[in-house]
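Chains, contacts and geometry: an overview
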Amino acid sequence: MTKVAIRRALISVYDKTGLAELAAALHTAGTQIVSTGSTAAAITAAGVPVTPVEQLTGFPECLDGRVKTLHPAVHAGLLADLARESHRAQLAELGIEPFDLLVSSLYPFEQTVASGADPAQCVEQIDIGGPAMIRAAAKNHATVAVVTAAADYPDVIAAARGGGFTLEQRRRLAAKAYARTAAYDAAVASWFASAYAPDEVAAQSGWPDVTAGAWTRKDVLRYGENPHQRAALYVRAGASADAGIATAEQLHGKAMSYNNYVDADAARRAAFGFSEPCVAIMKHANPCGIALGRDLADAHAKAHACDPVSAFGGVIAANGIVTAKMAEQVAEIFTEVIIAPDFEPGALDILTRKKNQRLLRCAPPPPGPATDWRPVSGGLLLQTADSGAEPADFAASWELKAGPVASEETLADLEFAWRACRAVKSNAILLAAGRASTGIGMGQVNRVDSCRLAVTRAGELAAESVAASDAFFPFADGLQILADAGVRAIAEPGGSVRDDEVIAAAEAAGITLYFTGIRHFYH
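Small disclaimer: the values here were computed from a predicted structure and weren't measured.

Here we come to the sheet that holds strand E5 (residues 145-147). If you walk across this open sheet you meet the 5 strands as E3-E2-E1-E4-E5, and the pairing is parallel. Bordering the open sheet on either side are strand E3 (51-52) and E5, each of which pairs with just one other strand. Its contacts with the sheet place helix H2 (residues 37-45) against strand E1 (8-13) and strand E2 (32-35), and it is angled at close to 140° to E2.

Below, the discussion takes up helix H13 (residues 296-306). Judged by how many residues are buried, H13 sits mostly within the fold: 8 of 11 residues are covered. Looking at H13, one finds that the buried residues are Leu 296, Ala 297, Asp 298, Ala 299, His 300, Ala 303, His 304 and Cys 306. Its side-chain oxygen placed 3.2 Å from the backbone nitrogen of Ala 297, Asp 295 serves as the N-cap of H13.

Here we come to the nonpolar core. Judged by nonpolar contacts, the single largest core of 50 residues is most densely connected at Ile 290, Ile 339, Trp 398, Leu 414, Phe 416 and Leu 430. With residues near it in sequence (within four places) discarded, Phe 416 still touches Phe 274, Ile 290, Ala 291, Leu 292, Leu 430, Ala 432, Arg 435, Ala 436 and Ser 437. Counting residues in each nonpolar core, the second largest holds 25 residues, with Leu 431, Cys 451, Leu 479 and Ile 481 among its members.

Time to look at unusual backbone geometry. Peptide bonds are trans in most cases, and residues, glycine excluded, mostly fall at negative phi. In this structure, Asn 427 follows Ser 426 across a cis peptide bond, with omega equal to -5°. By secondary structure assignment, the location of Asn 427 is in the loop between helix H17 (408-420) and strand E19 (429-433). In the Ramachandran plot, Ala 285 falls in the positive-phi region, its phi being about 65° despite a non-glycine side chain. By the secondary structure assignment, Ala 285 is in the loop between strand E9 (278-283) and strand E10 (286-292). Given a relative accessible area of 8%, Ala 285 falls into the buried group.

With that out of the way, let us pick up H17. Taking 1.5 Å of rise per residue, the 13 residues of H17 would be expected to cover 18 Å, and the 18 Å separating its terminal C-alpha atoms lies within 8% of that figure. Those residues of H17 that sit buried are Thr 410, Asp 413, Leu 414, Phe 416, Ala 417, Trp 418, Arg 419 and Ala 420. Where H17 is buried, its residues meet E10, E19, strand E20 (436-441), strand E21 (466-469), strand E22 (489-492) and strand E23 (512-515).

Two measures define how a pair of helices packs: the angle their axes make with one another and the distance between the axes. Contact pair helix H1 (residues 19-28) / helix H9 (residues 153-161): the axes reach a minimum separation of 9 Å and the direction vectors enclose 10°. With respect to H9, the axis of H1 lies roughly parallel. Side by side, H1 and H9 meet where Leu 19, Glu 21, Leu 22, Ala 25 and Leu 26 of the first sit next to Tyr 153, Val 156, Ile 157, Ala 160 and Arg 161 of the second. Taken together, the residues of the contact of H1 with H9 sort by class into 8 nonpolar, no polar and 2 charged.

Moving on, we get to the pattern of salt bridges. Within the structure shown, the criterion is met by 15 salt bridges. Salt-bridge contacts for Asp 100 lead to Arg 7; the nearest nitrogen and oxygen are separated by 3.1 Å. Pair noted here: Asp 100 is in the loop between helix H5 (85-94) and strand E4 (101-105) and Arg 7 is in the segment before E1, with a separation of 93 residues, a long-range link. On the accessibility criterion, Asp 100 (4% relative accessible area) is buried. Taking the shortest distance from any N to any O, the salt bridge between Glu 276 and Arg 435 comes out at 3.6 Å. Residue Glu 276 is found in the loop between helix H12 (258-271) and E9, and its partner Arg 435 is found in the loop between E19 and E20; the two are separated by 159 residues along the sequence. Residue Arg 435 is classed as partly exposed on the basis of its relative accessible area, which comes to 28%. Here the residues in one salt-bridge network are Glu 249, Asp 342 and Arg 361, joined through shared partners.

Parameters and conventions
- Residues numbered from 1 in each chain as written.
- Predicted model: local features only at pLDDT ≥ 70, side-chain atom pairs only at ≥ 80, totals over all residues.
- Heavy atoms only, no water.
- Pairing = 2+ DSSP bridges.
- Helix = DSSP H or I, 4+ residues; strand = E, 2+ residues; numbered from the N terminus.
- Contact = heavy atoms within 4.5 Å.
- Axes fitted to C-alpha atoms, helices over the stretch in contact; angles between N-to-C directions.
- Buried < 20%, exposed > 50% of the residue type's maximum accessible area, 1.4 Å probe, protein only.
- Polar contact = N/O pair within 3.5 Å; in protein donor to acceptor, adjacent residues only side chain to side chain.
- Core = buried A, V, L, I, M, F, W, Y, C linked by side-chain atoms within 4.5 Å.
- Expected span 1.5 Å × (residues − 1).
- Parallel < 35°, antiparallel > 145°, perpendicular 65-115°, else oblique.
- Nonpolar A, V, L, I, M, F, W, Y, C, P; charged D, E, K, R; others polar.
- Salt bridge = Lys/Arg side-chain N within 4 Å of Asp/Glu carboxyl O.

Laid out in structure tokens, this is it:
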């Protein structure tokens, strides 16, 4: 398809990254540049000739810059369909020249909201002229190219030097432009619905009446959970680099699979929920081992010891910088993915010897409340995340229901088991000793089977362990299985109509039983 040469460009950007280089390259290619306000000033400072937009409009910027480009001299130049004789005639009659390129980045609304700015500041960062120009140029992509991100500037420079963009390239740019304005509008709509609580339900519940988002494809995966399923990875538009597993930096190894991402996300949730050195080893989104240690190497050794058979081919997450000592231990075990905030150079030397082993650098979750999104057929469920962020003295609020007061060591194990069980799919029973899991019963349809599975996996270590149950025991039978295995203390939420029976069973077995008053279901 015949290219459209870039003879005239309109540049209006908030983000000035790469602007000087772009303007210089366009000028060298013979492009006339029209620009606005601070963008024009930056181009002039770079020594590149520029035409101020008010010279086209015959009207100065006004209202603190709210009105700059909202003028027919701008929008007719962007929207004129040059394939139509009537449009060309009208441009000539009005003395308006068409544009071949629009470069526009929007006011940082999303970042302003994320910074905690007050509503007035957020409203001021809602761009009006930018989205209007971007939509106009994208609609008229038959002759106009539109660029909304500095990452595309190298392509603009290449096109300017090579005679312009092809129609196919302009279509792709238009699609990206509409995706950007869609994400921007979604962010504004969601913020308005949340900030101003426009209906009674939102005001009372804290949930907005509208939530919206745009997601950008980051990668096409080889397949989904199974080879016959197609899959891709998307990231939320505007997501920061520390948003989670989807934005983690892969340092080494073959491409991540769908299942790798699912397990990696579960592993991050498990390990990063602790402040002490913690390692979690995951398989099918459940931990085969999770432990705290003096350091990460100690934590990994303890986590691996819980279930070394299942750890084969697992996913490991560490909540600190992976050391060479930990790497030496991991290197002995076939591992699909290792996630950590960072890796020592010596650890990378060791772990990169296996060419397929995936290494992800992933930041800890940012502080503050998080929201879980879960698609269901025909809709979307939202909930506040079960972050496990109880206060440091959270066990002080537990109620002792049976048995002697736990020793300091026993209470430390109970606290660990209680925090750790939130990473186990329900029904969840987690046995622990020395602040490390010794046996885990997960994902069973009744709590009795979870108890059996946990003590079976723990073996002789059950008699040295404490236990945490993510929800109450509906009958005494599950607790009895733990008692018969020698478990010495249990933490569970309480709240069953048969709590008295469960308490009586604990008393009879001489077991310390605490009610936490909190449930940790995880589906």
